[in-house]
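An overview of the molecular structure
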Amino acid sequence: MTSLSRELVFLILQFLDEEKFKETVHKLEQESGFFFNMKYFEDQVQAGEWEEVERYLSGFTKVDDNRYSMKIFFEIRKQKYLEALDKQDRARAVEILVKDLKVFSSFNEELFKEITQLLTLDNFRENEQLSKYGDAKSARTIMLVELKKLLEANPLFRDKLTFPAFKASRLRTLINQSLNWQHQLCKNPRPNPDIKTLFVDHTCTPPNGARAPTPSTNPLVGTLPKGAVFPPIATHSVNQLPFQPAGASSGSLSGWMANPNPAAPHSAGPVSLAPPPNAAAFLKRPRTPPSNGPAVDYQSADSEHLMKRIRGGQSEEVTYPGPGPTHHLNMYSQDDLPKTLARTLNQGSNVMSMDFHPLQQTTLLVGTNVGDIAIWEVASRERLAYRTFKVWEISACSIPMQAALVKDPAVSVNRCIWSPDGAVLGVAFSKHIVHIYSYTAAGDLRQHLEIDAHTGGVNDIAFSHPTSQLCIITCGDDKTIKVWDAVSGRKQYTFEGHEAPVYSVCPHQKENIQFIFSTAIDGKIKAWLYDLAGSRVDYNAPGLWCTTMAYSADGTRLFSCGTSKDGDSYLVEWNESEGTIKRTYSGFRKRSLGVVQFDTTRNRFLAAGDEFQIKFWDMDNTNILTTIDVEGSSLQASPRLRFSKDGSLLAVTTNDNGIKILANAEGLRLIRMLESRSFEGSRVPPETMATKTSIVNVMPPAVTAPCSLPGAIERSERLTPAVSMNNFSSIDSSRTPDVKPRLLDEVTDKSKNWKLTEITDLGQCRSLRLPDTMHANKVVRLIYTNSGVAVLALASNALHKLWKWQRSDRNPSGKSTASIPPQMWQPASGIVMNNDIGDTNPEEAAACIALSKNDSYVMSASGGKVSLFNMMTFKVMTTFMPPPPAATFLAFHPQDNNIIAIGMEDSSIQIYNVRVDEVKTKLKGHQKKITGLAFSHVLNVLVSSGADAQLCLWGIDGWEKRKSKVVPVHPGRSSPPVGDTKVQFHNDQIHLLVVHESQLAIYDASKLERLRYWSPHDSLSAPISSAIYSCDSVLVYASFCDGAVGVFDAESLRPHCRIAPSAYSPSVMNSNAYPLVIASHPSEPNQFALGMTDGGVYVIEPSESEGKWGVGPPPDNGTVGSNPTLSNQGSEPPSR
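Fair warning: this is a prediction, and the values are worked out from it, not measured in the lab.

Points about the pattern of salt bridges
When the charged atoms of two side chains with opposite charge come close together, those side chains can pair. Scanning the model with the defined rule gives 40 salt bridges in all. Put simply, Arg-769 and Asp-1094 hold a salt bridge, and the shortest N to O gap is 3.5 Å. Here Arg-769 is found in strand E31 (residues 765-769), whereas its partner Asp-1094 is found in the loop between strand E57 (1088-1092) and strand E58 (1097-1102), with 325 residues between them in sequence. Take Arg-769: its relative accessible area is 36%, and that puts it in the partly exposed class.

Describing a nonpolar patch on the surface
Residues Leu-198, Phe-199 and Val-200 make up a contiguous nonpolar surface patch of about 350 Å² in total accessible area. Structurally, Leu-198 is set in the loop between helix H9 (170-184) and helix H10 (279-284).

What to know about the packing of helix H3 (residues 38-46) against helix H8 (residues 136-153)
Two numbers describe how H3 lies on H8: the axes approach to 10 Å, and their chain directions differ by 150°. Compared by their axis directions, H3 and H8 come out roughly antiparallel. The handedness of the crossing between H3 and H8 is right-handed. Residue-level inspection shows Met-38, Phe-41, Glu-42, Val-45 and Gln-46 of H3 in contact with H8, the latter providing Lys-137, Arg-140, Thr-141, Met-143, Leu-144, Leu-147, Lys-148 and Leu-151. Residue classes in the contact of H3 with H8 are distributed as 7 nonpolar, 2 polar and 4 charged.

Digging into the nonpolar core
Counting residues in each nonpolar core, the largest one holds 41 residues, and the members touching the most others are Phe-36, Phe-41, Leu-57, Tyr-81 and Leu-101. Elements represented by at least two residues in this core include exactly H3, helix H4 (50-58), helix H5 (67-86), helix H6 (90-101), helix H7 (109-117) and H8. In terms of residue count, the dominant contributor to this core is H5 (10 residues). Sequence-distant contacts of Leu-57, that is, excluding residues within four places in its chain, are made with Phe-36, Phe-41, Ile-72, Phe-73, Ile-76, Leu-151 and Phe-157. By size, the runner-up hydrophobic cluster in this structure holds 35 residues, among which are Val-458, Leu-470, Val-983 and Val-994.

Comments concerning the sheet that holds strand E2 (residues 351-356)
Reading across from one edge, E2-E3-E4-E5 is the order of the 4 strands in this open sheet, with antiparallel pairing throughout. The open sheet has two edge strands, E2 and strand E5 (382-387), and neither has a second partner. Taking each pair of neighbouring strands and ignoring which way they run, the sheet shows an average axis angle of 20°. By the bridge criterion, 5 bridges tie strand E3 (residues 363-368) to strand E4 (residues 373-377) in an arrangement that is antiparallel. Each bridged residue has a counterpart across the sheet, and for Leu-364 the counterpart in E4 is Trp-376.

Things to note about the pairing of strand E54 (residues 1045-1049)
Most of E54 sits out of view: 4 of its 5 residues are buried. Here 5 bridges tie strand E53 (residues 1035-1040) to E54, and the two strands are oriented antiparallel to one another. Note on E54: the bridge partner recorded for Ser-1039 is Val-1045. Counting the residues that bridge the hairpin from E53 to E54 gives 4 residues, and of these Gly-1043 lies at a positive phi of roughly 95°. Connecting E54 to the next strand, strand E55 (residues 1055-1059), in antiparallel fashion are 5 residues, including Leu-1053 with a positive phi near 60°.

Re the side chain of Ser-1065
Its location among the elements puts Ser-1065 in the loop between helix H16 (1061-1064) and helix H17 (1066-1071). Look at Ser-1065 and you get buried, because its relative accessible area is 4%. A polar contact of 2.6 Å, which involves the side chain of Ser-1065, links it to the side chain of Tyr-1098. Sequence-distant contacts of Ser-1065, that is, excluding residues within four places in its chain, are made with Leu-762 and Tyr-1098.

Some words on the pairing of E2
Summarising burial for E2: 5 of the 6 residues are buried, a large majority. Bridge count between E2 and E3: 5 bridges; the pairing is antiparallel. When the bridges of E3 are listed, Asp-355 appears paired with Leu-365. As consecutive antiparallel partners, E2 and E3 are separated by 6 residues.

Looking at the packing of aromatic side chains
Within this structure, the stated rule accounts for 31 aromatic pairs. Measuring from centroid to centroid gives 5.5 Å for Trp-825 and Phe-874, while their planes differ by 75°, and the two rings are edge-to-face. Taken together, the residues Trp-825 in the loop between strand E35 (823-824) and strand E36 (848-851) and Phe-874 in the loop between strand E38 (866-870) and strand E39 (876-880) connect sequence positions 49 residues apart. With a relative accessible area of 3%, Phe-874 lands in the buried category. One residue, Arg-6, lies across the ring of Phe-34, its end atom 5.0 Å from the ring centre. For the cation-ring pair, Lys-804 lies above Trp-825, with the distance from its terminal atom to the ring centre recorded as 4.0 Å.

Concerning the confidence of the model for the protein chain
Taken residue by residue, the protein chain gives an average pLDDT of 78. The fraction at 70 or more is 78%. In the model, residues 679-752 has pLDDT below 50 throughout and makes 185 contacts with residues more than four positions away in sequence or in other chains.

Some remarks on H5
Residues three or four positions apart in an α-helix share a direction because the helix packs 3.6 residues into each turn. Taking 1.5 Å per residue as the helical rise, H5 with its 20 residues ought to reach 28 Å, and the 28 Å between its terminal C-alpha atoms agrees with that figure. Most of H5 is tucked away: 16 of the 20 residues are buried. In this structure Asn-66 caps H5, since a side-chain oxygen of it lies 3.0 Å from the backbone nitrogen of Tyr-68. Note on H5: the residue one or two positions beyond its end, Gln-88, has a positive phi of about 60°.

Section: the environment of Tyr-439
Relative to the elements of secondary structure, Tyr-439 occurs in strand E8 (residues 433-439). By relative accessible area, which is 2% here, Tyr-439 ends up buried. The spacing of Tyr-439 and Trp-418 is 21 residues in sequence and 9.5 Å in space, taken between C-alpha atoms. Those residues within four positions of Tyr-439 in sequence are excluded, and the remaining contacts are His-357, Gln-360, Thr-363, Ile-375, Leu-384, Trp-418, Gly-422, Ala-423, Asp-444, Leu-445 and Ile-990.

What about the packing of H5 against H6?
Interaxial distance between H5 and H6 falls to 8 Å at its minimum, and their mutual angle equals 165°. The angle between H5 and H6 places the two elements in the roughly antiparallel class. With respect to the hand of their crossing, H5 and H6 are arranged in left-handed fashion. Contacts from Phe-74, Arg-77, Lys-78, Lys-80, Tyr-81, Ala-84 and Leu-85 in H5 reach Arg-90, Arg-92, Ala-93, Ile-96, Leu-97, Asp-100 and Leu-101 in H6. Residues that form the contact of H5 with H6 fall into these classes: 8 nonpolar, no polar and 6 charged.

A closer look at the sheet that holds E31
The strands making up a sheet associate through hydrogen bonds between their backbones, and the pairing can be parallel or antiparallel. Ordered by their spatial adjacency, 4 strands build an open sheet running E31-E58-E57-E56, and the pairing between neighbours is antiparallel. Sheet topology places E31 and strand E56 (1075-1080) at the edges, where each strand pairs with a single neighbour. Averaged over neighbouring strand pairs, the angle between their axes works out to 20° when direction is ignored. When E31 meets E58, the two strands line up antiparallel, connected through 5 bridges. Opposite Ser-767, over in E58, you have Ile-1100 as the bridge partner.

Describing unusual backbone geometry
The peptide bond linking Pro-883 to Pro-884 adopts the cis configuration, its omega dihedral lying at -5°. Among the secondary structure elements, Pro-884 is positioned in the loop between E39 and strand E40 (887-892). Even without being a glycine, Ser-169 presents a positive backbone phi close to 50°. Structurally, Ser-169 is set in the loop between H8 and H9. Backbone geometry places Ala-949, a non-glycine residue, at a positive phi of 55°. Mapped onto the fold, Ala-949 is located in the loop between strand E45 (941-946) and strand E46 (950-955).

Conventions and cut-offs
- Residues numbered from 1 in each chain as written.
- Predicted model: local features only at pLDDT ≥ 70, side-chain atom pairs only at ≥ 80, totals over all residues.
- Heavy atoms only, no water.
- Salt bridge = Lys/Arg side-chain N within 4 Å of Asp/Glu carboxyl O.
- Helix = DSSP H or I, 4+ residues; strand = E, 2+ residues; numbered from the N terminus.
- Buried < 20%, exposed > 50% of the residue type's maximum accessible area, 1.4 Å probe, protein only.
- Patch = residues over 30% accessible without salt bridge, like charges linked within 9 Å, V, L, I, M, F, W, Y side chains within 5 Å.
- Areas by Shrake-Rupley, 256 points an atom, 1.4 Å probe, with all protein chains shown as cover.
- Axes fitted to C-alpha atoms, helices over the stretch in contact; angles between N-to-C directions.
- Parallel < 35°, antiparallel > 145°, perpendicular 65-115°, else oblique.
- Left-handed = near helix turned anticlockwise from the far one by under 90°.
- Contact = heavy atoms within 4.5 Å.
- Nonpolar A, V, L, I, M, F, W, Y, C, P; charged D, E, K, R; others polar.
- Core = buried A, V, L, I, M, F, W, Y, C linked by side-chain atoms within 4.5 Å.
- Pairing = 2+ DSSP bridges.
- Polar contact = N/O pair within 3.5 Å; in protein donor to acceptor, adjacent residues only side chain to side chain.
- Phe/Tyr/Trp six-rings, centres within 6.5 Å; stacked < 30°, edge-to-face > 60°.
- Lys NZ or Arg CZ within 6 Å of the ring centre and 35° of its normal.
- pLDDT = per-residue confidence, 0-100.
- Expected span 1.5 Å × (residues − 1).

So, in structure tokens, the structure goes:
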């Protein structure tokens, strides 16, 4: 088929899609084999339409075409086979085995035998390799990740995964153009030609020879309907599991390492094909369209008439009527570029580096030429934090650094950057050192590490995860690249090999291989693995001077931008597999007035600052896409720029020490939404301002980690600091004496003008007691599934109960709600989940429960062995840890589901590997049974709590004990607290909620330092039975032994409202029952569930009219400056 015929097929595909002939579209895709619609393929796989999946694939490949095709078909048929086994449909499974899978036996007989043996198992998950298999939906999702990689690597699908980029309704446009030419050839064109058919050429012969009106008045002339182009083409999440094509070596980096084994090329995403250069000229040339009659010569009267009209500007158009609403393509256009000025920020000093927060899209980190750093909330124009440069501990610095500072104290920020999760930020300075700060969503910026990293300037800094532990990567004037542990600051690697100062680093991962690119100011590019074997490549960057490198967001395309000493700038894309330049982008000034900076966004666009402008390129077109000049002020000659992570915002620097924030439509909506929230939150009584300012005045003097006064004042508008930032101590400190005074607030409610919201009637909130057909015993453990569609309870008699909500018109999401009752769910076999109890009395035992991340398994114990249940079949997969001692708490390791921390009745903690059935280590530090365990993947620690009211901090790399603290005695109590203590990490993974019957407390987990606490009093005076963060960590829900529930602000621990038992169940008032446990919904922050001492389970939500739980007290109520019940508590001295 010719190239034009192939393009005609694409035009027809677009037309069919716009007209919504969906089945015909996919039939033509399959029969032509020109375009593989990944989105349609994914939808069919997710729906389990296996016959259609294979039929569609057959238009592009067959089973035995190549190893990739074979793997694709095998994975699909294996999934179909496993689903039949999971449904206990053995007849169907045998049929699939014989008809579909047997073809693979000739290639791998052992594999086929192993698959056949699955028929002999009651549950194929007993096979070790399939033990992590969840339900069909999750398994299909996981399989799709691998299938997509296989399809992209398969040479038969090359150039078939991307639909050509052309304008919407292109076929209709061509028809319109043809009709217009035909109409222009009419000797006597009618003003309003009536097009009734396309089967014959158009002619019109008006009776009086009337001339057609001009285009401006012709009702048939108008813009073509704005349809979208063809449907989304295989745009996938970037967070996919890495897949290694068959035969690829896990020890080499594709083409760039010493032992190259190039992986099959990955799709680069949608490609924008620009029209040929001469397209416009071609369209301007008047060509006579073919007709059924004799061809019209150019010298004919018709031709002369046409030429006169064209020269005279009379060009009537005829439009073929288009459809109504068209189906829009999810493809990026120039409109997606942030080009509208949304905000102006005045930094006050020349901005050297910027980076948007990875999660909070409007939070911007800025570093300047005088060493300052600032964090801005661009929506509200608020500076959340500000730090001037100062060496934190000069005595710990090297002699060369001290000498450099004495000789020239001026220091500039070379680079500032967020860690991948936004919990940490790093700053590289022009002299020797790097500063690492911890950061919370509330705006807390705390000193963490000061590293004397390089001799001379530190030119770049980056974060990476070569292992489960976060690492810091730096490079400098001393020609080295260094890797540091982000928790301890310990140096892990030093890479030497550059012959000039190293200018930039770019860590990345491909095919599970972690590596680092580096560039030096002599133009050399090198690549390093995390070993000491030296550089794997040595290439020259264009310009041979200052160059930075960056990957597209999906990690598939590598770009670099640099400027030579003569001012020539180069922006290029690299072919990694060959180490060559794939394309060079044009459009730079001949002599740039500085080193050009660049950034990428949306896997589609590049941007660079040059000639006082921002220039944009489509990644697939070397010509400039567009340029913008920012209104209101002039940009720098080579402005620095940075996209937000979703590409909706762009920060650019100006020559007046400012920053302009540009936005697209999405970014403008986001800013307006956050601005309106900020306005609502800022309306506080004027008299509170004096109190807020006094907060700064009462903070203790700086010791060794100064907190900038301007930053503290700015933050006081937004957040009441409960502790001084000056007292942040190093994580690895083991000193425990309390020697330095500090301020700690007990939050009380003394405001006379504010009353706690009391919810006492059934109509004031929505509550639902879940239906229960089994014997009711008190609920001792309660959790939501991670999907939010079910609630799982463990009763004191060792019985589990599971309630599931079903999808319906009233509840299309199928998630839990208090408005619709769920079903008490059991498998068809009638099996119940009962824990092993051995010789113990389960009513007296400490029960524990933990759910796997994919909701496939639940681990549980009630005084006997720990049992692992399949959540679909309720069958016991295995049991372990027989008592004594009995397990009392369970927690999965954050990076490895095979590792479990098990708290024991004998006060020990056992670190257990489920896969090998082995206790790796045993931790000892408590005096009584373990009642709480919580991991932090940011701090890389485990926090444990016990019935001895003690907290212990353990490092999870070597399982060493770092620190321990006893929960402080509440004022008015003479004896130390005893009883169960529970712990839970805030979403920031730094702050810790500690729950004891006598108090709620927020701790800085890195030091086990209590920041603030609340104790029962007034209307919430009963002992606390349970408490938990809401899913967004904005609220804390606490249940009390009198049946009440309190809702607290998670940051300040100020109460929002009290929910009386009469509001969710009048019967509770008569039975003296109360909530023993409380659980928060995983995605609905205002929903929680209660497990009662009478065996009931309630789901509770605010009333639909309210939508949230009450309103907290005014900002000055219970703050440090106004609280008369302040108590001085000791804290540890800062240490490094």
